[in-house]
Amino acid sequence: MCVNKIENSSHTTETEPNSGIPKMEKIGEIIHHMTTSYDVYKEWQVNCIIELIFLSTRTEFSRRGLALHLTEFILDYGRKLKAEDSKEALELPAHVKGQRPEAITSVFTSRFSQRIGEKLGFVTLFREEYKKFSFEGETLAKKIDPQHKYIIFAAKRL
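Predicted model only: the values in this text are computed from it and were never measured.

Visitor: Looking at this model, I keep getting lost on the environment of histidine 69. Mind explaining?
Guide: Within the fold, histidine 69 resides in helix α3 (residues 66-82). Taking relative accessible area as the criterion, histidine 69 reaches 49% and is therefore assigned partly exposed. A C-alpha to C-alpha distance of 9.5 Å links histidine 69 and isoleucine 116, two positions 47 residues apart in sequence. A distance of 3.1 Å separates polar atoms of two side chains, one belonging to histidine 69 and the other to glutamate 72.

Visitor: Teacher, can you tell me more about the pairing of strand β3 (residues 103-108) here?
Guide: Strand residues, when the strand is regular, have side chains that alternate between the two faces of the sheet. Most of β3 sits inside the fold, with six of its six residues counted as buried. On β3, burial covers both faces: Ala103, Thr105 and Val107 on one face and Ile104, Ser106 and Phe108 on the other are all buried. Sheet topology note: the strand β2 (residues 48-55)/β3 ladder contains four bridges and is parallel. Of the residues in β3, the one forming a bridge with isoleucine 50 is isoleucine 104. As paired strands, β3 and strand β7 (residues 150-157) are joined by six bridges and run antiparallel to one another.

Visitor: Would you take a moment to explain the nonpolar core for this structure?
Guide: Side chains of a nonpolar character, in soluble globular proteins, are inclined to be buried together. In terms of nonpolar packing, the biggest core is built from 19 residues, with Leu75, Ile104, Ile116, Leu120 and Phe122 touching the most fellow members. Looking at this core, the elements that each hand over two or more residues are β2, α3, β3 and β7. At five residues, the largest contribution of residues to this core is made by α3. Listed in part, the 17 residues of the second largest apolar core include Tyr41, Ile49, Leu140 and Phe153.

Visitor: Looking at this structure, I do not really get a nonpolar patch on the surface. What am I missing?
Guide: Together, Ile21, Met24 and Ile27 make up an exposed nonpolar region whose accessible area comes to about 270 Å². Looking at the element boundaries, isoleucine 27 is found in helix α1 (residues 22-36). Residue classification places isoleucine 27 among the partly exposed residues on the basis of a relative accessible area of 38%.

Visitor: Whenever I open this one, the environment of isoleucine 31 confuses me. Can you help?
Guide: As for its placement among the helices and strands, isoleucine 31 is situated in helix α1. Isoleucine 31 sits 77 residues away from phenylalanine 108 along the chain, and the two C-alpha atoms are 9.5 Å apart.

Visitor: Can you walk me through helix α5 (residues 111-119) in this structure?
Guide: Spacing of three or four residues puts side chains on the same side of an α-helix, whose turn is 3.6 residues. Those residues of α5 lying buried are Ser113, Gln114, Ile116 and Gly117. Along the axis of α5, the buried residues cluster in a sector spanning 155°; they form a single face. In this structure, the buried residues of α5 make contact with β2, α3, β3 and β7. Of the residues trailing α5, glycine 121 is marked for its positive phi of about 85°.

Visitor: When you look at the pattern of salt bridges in this model, what are you seeing that I'm missing?
Guide: Between side chains of opposite charge, pairing is possible as soon as their charged atoms come close. Considering all chains together, one arrives at nine salt bridges under this definition. The salt bridge involving glutamate 88 is made with lysine 80; its shortest N-O contact spans 3.9 Å. Measuring nitrogen to oxygen at the nearest pair gives 2.9 Å for the salt bridge that ties lysine 132 to glutamate 128.

What counts and what doesn't
- Residues numbered from 1 in each chain as written.
- Predicted model: local features only at pLDDT ≥ 70, side-chain atom pairs only at ≥ 80, totals over all residues.
- Heavy atoms only, no water.
- Helix = DSSP H or I, 4+ residues; strand = E, 2+ residues; numbered from the N terminus.
- Buried < 20%, exposed > 50% of the residue type's maximum accessible area, 1.4 Å probe, protein only.
- Polar contact = N/O pair within 3.5 Å; in protein donor to acceptor, adjacent residues only side chain to side chain.
- Pairing = 2+ DSSP bridges.
- Core = buried A, V, L, I, M, F, W, Y, C linked by side-chain atoms within 4.5 Å.
- Patch = residues over 30% accessible without salt bridge, like charges linked within 9 Å, V, L, I, M, F, W, Y side chains within 5 Å.
- Areas by Shrake-Rupley, 256 points an atom, 1.4 Å probe, with all protein chains shown as cover.
- Salt bridge = Lys/Arg side-chain N within 4 Å of Asp/Glu carboxyl O.
- Arc of directions from axis to C-beta.
- Contact = heavy atoms within 4.5 Å.

Now the structure itself:
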């Protein structure tokens, strides 16, 4: 599964801050921290991005390249949206019609997604160790698989 949204520098949307599920609220806080710790609009001089919000493959379908193909698809789709007269740009819903993404950003939370970003040429903009964050009295580094040491905010120009 791959979830994306188009954002621009003059109007960004925020995920509902109070989901009522403490674990989801903590994840939202961490992702917000990551995406606001580096101003991609200012530093990269872009006005519109696609945010790759969620990338996941069910365990029984892992190691088949599905997440890589989904990410490649969104990169290709983003490039097509840059062309004003492309079929993809013309089919956008009214609230995002006319948006021309210049980059794709993502918060890569696992080594698996980070490897995909590296393979596809995403640039690390900001990185934090999981030990910096805590939930229910323990650092996240103690709660997750030790191979996932960092959470990374990355981007790729289209």
